[in-house]
Amino acid sequence: MDSNVFKGRSLTVIEDFSIEERRYFFNKVSELKKAIIDNNEAVMDLFRINDPDFGIYEVFLEDSTRTKESFRNAAKFHHAKVSELLCSSSSINKGESYADTFNMLSGYSNTIFIVRSKVEGLCKWLDDESVLYTKRNSLPIKPAFINAGDGKHEHPTQELLDEFTFLEDNEMSFDSIHVALVGDLYHGRTVHSKADGLKLFNKVKVDLIAPVELAMPENYLEKMKNNGFEVREFGSIEEYLNQDDVAKMWYFTRPQLERMGERILQKQDYLRKSITFRKEFMDKLPENTKFYHPLPRHKEHPTIPTFLDNTPLNGWERQAINGMYCRMVLLSLIAGKIGSDFKPSVVKANPIEDEEYIVSVPVNKEKKTDKTYSEGVHPIENGIVIDHICKGESPSEIRNHMRLISTVLNLDESKGGEWISCGSDGNYKGIIFRPGHYELTRKDLKRLASVAPHCTLNIIKDGHVEAKYRTHMPPRIYNFEDLSCNNEACISHPINGEGVPAMFYRNPEGLFECAYCGKTHSFKEIWKSRR
């Protein structure tokens, strides 16, 4: 059995590689970079795939020069077969299925797909789908997928080369980092990848520099804080430099104002000025400061002006060159050429997956039902009562959510009703009651927990509470046809027509993250019937 944990792996988000794996990766990048600079062919050959039949396929559904050419040159180093899907004439742009297209190509002995797309979560979906395709068709290997940028979501290979460049300027220490992220933090997938990527360092301080119109999305900001980062926010470079604790590492991104409509374009001069470095700021920088940029810069409005190219601030050119070294090593790892000497620590089970979120409560079956569980003036003889719905929320919020619960649980056409009551503590809660005979399966209970966490379900038979359950927020929600991510750029959103079933994971704030695009939702927002 092959013990190489990297072989055949996909990289769809930066978290696909653990911190321990990335630290190993960066040591290998250092080795290869030194060998190439020293022209040490013996060491370079240890990394080379050296197989003209090893298939690497570039599929760039969104324009790219830097990333595309970086991967192409990395593949040439390996003496591997490189193919390209001409997207302008491909079936994908004729409305045909992503899964069908990539499955077909994987059947043609292509081992690694490098995919760039505006559709967020596409690589994650293709990776999941290819497992089933490979099994159905008895293919010898499952293809690996590398995300070369998907919409506003992530750019994990850019994150790898950024981290490596930071490390070079941090004396290869993982102890701590203080970095300023400057520019369009709203659209910039390279800075979004840093919300998890910077966990590579033991102690992280991040300064976010952007006007409110270009600020980091709330879900990535919260993720940074949950990851233990110290996070500060500033509206402009000028504001940032008017305080004493200035980072020595500055990471700039290009403002993508063209995506934001006429109202933003009317303010573009002000917005650009707030995130563009100017000569007058030079004296306020700490000694040994380095600037980085994923490149290319805007030719008319560069956030790092060209007068800085020949200064010690220039870390962005080495950063770009490092991209090829990092991608060479990444291809070598996935191909299984290197990596067999890496022995991971024992992986701990994730307790969230084993968490019990539907709890059976002991009941006194001899006791008659509470008079509040009534059908008119008579207590319910047979039926269900869902109690403690949205406790503490306003009556209008509770009423709206009870409608959603009724729809999701297919209770719309049943007799019964809904109540809102106020307890002695002044908090409102909702109650749904439905008379009749109900046989609830485990899946029904999961559905209830998903749409009404923290409620109590009473199953009543012959005037007695036969069973009682309390629900909590599930660790993940999936396998329901009426789930939907509300991000229209997500591969699982119905607008994309791929038929990808939505799936969500609970995060530390009690919100649900889309398994594909990472968009966060409350438990009320993930149902199609909500919209």
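As the structure is a computational prediction, the values presented were derived from the model and not from experiment.

Reading the values: rules and limits
- Think of each chain on its own: its residues are numbered from 1, step by step along the sequence as written.
- Two thresholds apply to this predicted model, a pLDDT of at least 70 for residue-level local features and 80 or more for giving and counting side-chain atom pairs, whereas whole-chain, interface and lining totals are computed over all residues.
- Just so you know, side-chain values use all the structure's heavy atoms and leave hydrogens and water out.
- We count a salt bridge whenever a side-chain nitrogen from Lys or Arg sits within 4 Å of a carboxyl oxygen from Asp or Glu.
- In this description a helix means any DSSP run of H or I spanning at least four residues, a strand means any run of E spanning at least two, and both kinds are numbered starting from the N terminus.
- We call a residue buried when its accessible area falls under 20% of the maximum for its residue type, exposed when it is over 50%, and partly exposed in between, using a 1.4 Å probe and counting protein chains only.
- Centres within 6.5 Å are what make two rings of Phe, Tyr or Trp a pair, Trp counting through its six-membered ring; a difference in plane orientation under 30 degrees is then read as stacked, over 60 as edge-to-face, and the rest as tilted.
- Take the residue count of a helix, subtract one, and multiply by 1.5 Å to get its expected span.
- Note on contacts: a residue pair is in contact if any heavy atoms of the two residues lie within 4.5 Å.
- Each pair of strands is called paired provided DSSP finds at least two bridges between the two strands.
- Axis angles are defined between N-to-C directions and span 0 to 180 degrees, where every axis is a line fitted to C-alpha atoms and, for a helix, only to the segment in contact.

1. Digging into the pattern of salt bridges
One pass over the structure, following the stated rule, counts 37 salt bridges. Put simply, E168 and K33 hold a salt bridge, and the shortest N to O gap is 2.8 Å. Taken as a pair, E168 in helix α6 (residues 156-168) and K33 in helix α1 (residues 19-37) lie far apart in primary sequence, 135 residues in all. The class of K33 is buried, set by a relative accessible area of 13%. One salt-bridge network, in which partners are shared between bridges, spans K205, D207, E230, R232 and D245.

2. Let's talk about the packing of aromatic side chains
This structure, assessed with the given rule, holds 22 aromatic pairs. The interplanar angle of 80° and the centroid separation of 6.2 Å between the aromatic rings of F166 and Y251 together place this pair among those described as edge-to-face. Of this pair, F166 sits in helix α6 while Y251 sits in strand β8 (residues 249-252), placing them 85 residues apart in sequence. Neither residue differs from the other here; F166 and Y251 are each classed as buried.

3. Section: α1
A rise of 1.5 Å per residue sets the reference length of α1, with its 19 residues, at 27 Å; its end C-alpha atoms lie 27 Å apart and thus fit the reference within 8%. Buried within α1 we find E21, R22, Y24, F25, F26, K28, V29, L32, K33 and A35. Residues of α1 that are buried sit in contact with α2 (41-47), α3 (66-77), α6, α8 (194-197) and α13 (316-335). One or two positions beyond α1, positive phi appears at N39, with a value near 55°.

4. Here we look at the sheet that holds strand β13 (residues 383-389)
Strand order in the open sheet formed by 6 strands is β10-β17-β16-β13-β15-β14, with antiparallel pairing between adjacent strands. Where the open sheet ends on each side, the last strands, each with one partner, are β10 (358-361) and β14 (417-422). Looking at each pair of strands side by side, their axes are set apart by 20° on average, direction ignored. Contacts between helix α14 (residues 395-408) and the sheet are confined to β13, β14 and β15 (428-435), with β15 contributing the most and set at about 30° to the helix. The strands that helix α15 (residues 442-451) touches are β10, β13, β16 (456-461) and β17 (464-471); relative to β10, the one it contacts most, it runs at about 110°.

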